[in-house]
Amino acid sequence: MSWLDPEPFLRGTAWRDGDRPVRADPADRARLPWDVAERAALPIGVRVEFRAEPGTTAVDLRYRAAVPADGDELRSLRHAFALWSGGRCVGEVFAKPAARGEVRLRLPPGGGEFTVHLPEAQAPVVRALRGVGGALSPAPRRPRWLVQGDSITEGWWATRPAHAWPAAAGRTLGVDPVNLGYAGGARGELVLAEHLARLPGELLTLAFGTNCWDRAPATPEWLYATVRAYVAVIRRGHPRTPLLVVSPVLRPAAEHTRNAVGATLTELRRAMERAVRDLAADDPRLALLPGRPLLGPEHLADGLHPDDAGHARLAEAVAGALRRYA
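If you're wondering where the values come from, they're calculated on a predicted model, not measured in any experiment.

K.L.:
What is the right way to read the packing of helix 5 (residues 220–237) against helix 6 (residues 265–280) from this model?
P.N.:
If you want to describe how two helices pack, look at the angle between their axes and the distance between the axes. Taken N-terminus to C-terminus, the directions of helix 5 and helix 6 make an angle of 35°; their axes are 8 Å apart at the nearest point. Note on packing geometry: the crossing formed by helix 5 with helix 6 is right-handed. Residues Pro220, Leu223, Tyr224, Val227, Arg228 and Val231 of helix 5 form the contact with helix 6, whose participating residues are Glu267, Leu268, Ala271, Met272, Arg274, Ala275, Val276, Asp278 and Leu279. Considering only residue class, the contact of helix 5 with helix 6 consists of 11 nonpolar, no polar and four charged.

As C-alpha cells, this is what we get:
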C-alpha cells in the first residue's frame, strides 16, 4: 500500500508550527513564560486514529524525532508506540531514538478502529503511515475536549501516555482530548486563557492551582481574582461551551504549610472554588469539581503526581462530572 499523509489521521492536535503539532499558539510564543513554551513544544496527547479494513495485518509509521546528545540520560530511553482498540492496549513497539525512523505495529485480525499513542519525549512528528495487507482510513472525528492544566494534566508519573487522566477520560467519554497541560505552568497565566479562547472545542476543562502554592506563590485573594479573570477571558471565545474547573488535588506537603506569601494550598483551593461557584451563579455552563476528595496519599507516586491508579481515579471523576452537566 502507498504511504498516506498523516494529517487526516492525527488527533489531539491544537496548533501547528510548520508540520509539528504544538500546544500553544506559535504566533504568540513571545508572550509565553519560557517553561510553558518549552513544554508546549512537546506533542503531549497527540495520537494517530484510523480504521483498518479486514485483512489489514499491520500499520507502518514513519516519523522523525530529536535524538538526545551523547551523555544525556534520555539517550537510552526507547520510544514506545502503543496500539489501542476497544479501550485496551493490544500491542506495543519500542524503537531507539532516531532522527528518522519507521515502526510496524501488528493489528488484530478482522480490522476495526485503532489508536496509536505516540511517544512524547523528543517531540516525534509522524511523517507518513500505510496499511499492510489492506487499506486505512481516518477514524471519525469526535467532539474536541480542550483540557488545560499543569504537570498532572500533562500526565506525569503515568507509565504510558494512554494512562494520563485526560486520555483515559477521553476514551470513556468518546471525545477527542487535546492535552494543554504544562509541567510547572498553569499558574493563572492569562495569555494561556487567550489561547484557549481562540481554540475551537466543544468541551473545556481547567485543572490548575497547585503551582500557585510554590512555583509562583499566590495569596487566596490573588487566586480568586485570577480565576474570575481567567474564566472571563475564556468566555470571550467560548461563551456557551461547557466548562468544568477542577481545583487542586491532594498535596500533603502543601495542605497546611504556608508558602512564601503566607498561604496554604487548602486556602488557595477554597479561594479557587469560591470564585467558580460565584461565577456559576450567572453561568449555567460553568461547573466545579472539587479536587481534594479525588485522591488519597496512596494514589500519589511522589507526594504530588498521581500514579496510574490515581490517573484512573481522576479520569473517572472528571468523566462523571462532565456527563452530569455537559
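K.L.:
Help me out: how do you make sense of the pattern of salt bridges in this one?
P.N.:
It is possible for side chains bearing opposite charge to pair when their charged atoms get close. Scanning all chains against the criterion turns up 27 salt bridges. Aspartate 176 serves as the salt-bridge partner of arginine 47, at 2.6 Å between the closest nitrogen and oxygen. Here arginine 47, found in strand 4 (residues 47–52), pairs with aspartate 176, found in strand 13 (residues 176–181); they are 129 residues apart in sequence, far enough to count as distant. Note on accessibility: arginine 47 and aspartate 176 belong to one class, buried. When the shortest N-O distance is used, the salt bridge between arginine 269 and glutamate 255 registers 2.8 Å. Of the two residues, arginine 269 sits in helix 6 while glutamate 255 sits in the loop between strand 15 (243–246) and helix 6, which places them 14 residues apart along the sequence. A relative accessible area of 5% means that glutamate 255 is categorised as buried. One connected set of salt bridges, linked through shared partners, spans Arg47, Glu49, Arg51, Glu113, Arg142 and Asp176.

K.L.:
Help me out: how do you make sense of the nonpolar core in this one?
P.N.:
General note: in soluble globular proteins, nonpolar side chains tend to be found buried as a group. Membership of the largest hydrophobic core comes to 42 residues, with the highest contact counts inside it found for Leu180, Leu206 and Val227. Listing elements by their share of this core, those giving two or more residues are helix 1 (34–40), strand 13, helix 4 (190–198), strand 14 (203–207), helix 5, strand 15 and helix 6. When neighbours within four sequence positions are excluded, valine 227 is seen to be in contact with Phe208, Met272, Ala275, Val276 and Leu279. With 25 residues, the next largest nonpolar core counts Trp145, Leu203, Leu244 and Ala287 among its residues.

K.L.:
Please explain the packing of aromatic side chains as it appears in this structure.
P.N.:
Aromatic ring pairs: the centre-centre distance and the angle between the two ring planes describe each pair. Applying the stated criterion to the full structure yields four aromatic pairs. Arranged with centres 5.0 Å apart and planes meeting at 55°, the rings of tyrosine 63 and phenylalanine 81 form a pair that is tilted. Of this pair, tyrosine 63 sits in strand 5 (residues 58–64) while phenylalanine 81 is found in strand 6 (residues 79–85), placing the two residues 18 residues apart along the sequence. Each member of the pair, tyrosine 63 as well as phenylalanine 81, is classed as buried.

K.L.:
Just to check I follow, could you spell out unusual backbone geometry for this structure?
P.N.:
Comment: phi is negative for the bulk of residues other than glycine, and the bulk of peptide bonds are trans. Unusually for a residue other than glycine, tryptophan 157 sits at a positive phi of about 75°. Here tryptophan 157 shows up in the loop between helix 2 (151–154) and helix 3 (165–173). A positive phi angle is found at alanine 186, which is not glycine, with a value near 55°. Taking the relative accessible area as the measure of exposure, alanine 186 reaches 6% and is therefore buried.

K.L.:
I keep staring at the sheet that holds strand 13 and nothing clicks. Help me out?
P.N.:
As a general point, the strands of a sheet are linked pairwise by backbone hydrogen bonds and lie either parallel or antiparallel. The five strands are arranged 13-12-14-15-16 in an open sheet whose pairing can be described as parallel. Of all the strands in the sheet, the pair left with one neighbour each is strand 13 and strand 16 (286–289). On average, each strand axis in the sheet is tilted by 20° relative to the strand beside it, whichever way the strands run. Pairing geometry for strand 14 and strand 15, over four bridges, is parallel. Bridge pairing links threonine 205 to leucine 244 in strand 15. The sheet contacts of helix 5 involve strand 12 (144–149), strand 14, strand 15 and strand 16, and relative to strand 14 the element is tilted by about 160°.

K.L.:
Would you mind going over helix 5 with me for this structure?
P.N.:
The periodicity of an α-helix, 3.6 residues per turn, causes residues three or four positions apart to be oriented the same way. For helix 5, spanning 18 residues, the distance from its first C-alpha to its last is 27 Å, which sits close to the expected 26 Å at 1.5 Å a residue. Within helix 5 the residues assigned to the buried category are Pro220, Leu223, Tyr224, Thr226, Val227, Tyr230, Val231, Val233, Ile234 and Arg235. On the buried face of helix 5, the contacting elements are strand 12, helix 4, strand 14, strand 15, helix 6 and strand 16.

K.L.:
How should I be thinking about the sheet that holds strand 5 in this particular structure?
P.N.:
Spatially, the three strands line up as an open sheet ordered 8-5-10, and their pairing is antiparallel. Two strands bound the open sheet, and with one partner strand each, they are strand 8 (100–106) and strand 10 (125–132). Each neighbouring strand pair of the sheet contributes to a mean axis angle of 20°, computed without reference to strand direction. Of the pairings in the sheet, the one linking strand 5 to strand 8 comprises seven bridges and is antiparallel in character. Bridge assignment links alanine 58 to a residue of strand 8, and that residue is arginine 106.

Basis of the calculations
- Residue numbers run consecutively from 1 along every chain, following the written order of its sequence.
- Predicted model: local features are reported for residues with pLDDT of at least 70 only, side-chain atom pairs are reported and counted for 80 or more only, and whole-chain, interface and lining totals are derived from all residues.
- Only heavy atoms go into the side-chain values, all of them from the structure, while hydrogens and water stay out.
- Under this scheme, a helix contributes an axis fitted over its contacting stretch, all axes are lines through C-alpha atoms, and angles between N-to-C directions fall in the 0 to 180 degree range.
- A helix here means a DSSP run of H or I that spans at least four residues, while a strand means a run of E at least two residues long, and both kinds are numbered starting from the N terminus.
- For a crossing to be left-handed, the near helix must be turned anticlockwise from the far one by less than a right angle; the clockwise case is right-handed.
- Whether two residues touch is decided by their heavy atoms; if any such pair falls within 4.5 Å, the residues are in contact.
- Under this grouping Gly is polar, as are all residues other than the nonpolar Ala, Val, Leu, Ile, Met, Phe, Trp, Tyr, Cys and Pro and the charged Asp, Glu, Lys and Arg.
- In the sections that follow, a salt bridge refers to a side-chain nitrogen of Lys or Arg positioned within 4 Å of a carboxyl oxygen of Asp or Glu.
- Classification of residues uses two cut-offs on accessible area relative to the type maximum, computed with a 1.4 Å probe and protein chains only: under 20% is buried, over 50% is exposed, and between them is partly exposed.
- Residues belong to one nonpolar core when they are buried, are Ala, Val, Leu, Ile, Met, Phe, Trp, Tyr or Cys, and are joined through side-chain atoms within 4.5 Å.
- Two aromatic rings, drawn from Phe, Tyr or Trp (for Trp, its six-membered ring), form a pair once their centres lie within 6.5 Å of each other, and the interplanar angle then sorts them: stacked below 30 degrees, edge-to-face above 60, tilted otherwise.
- A pair of strands is treated as paired once DSSP finds two or more bridges between them.
- How far a helix is expected to stretch is found by multiplying one less than its residue total by 1.5 Å.

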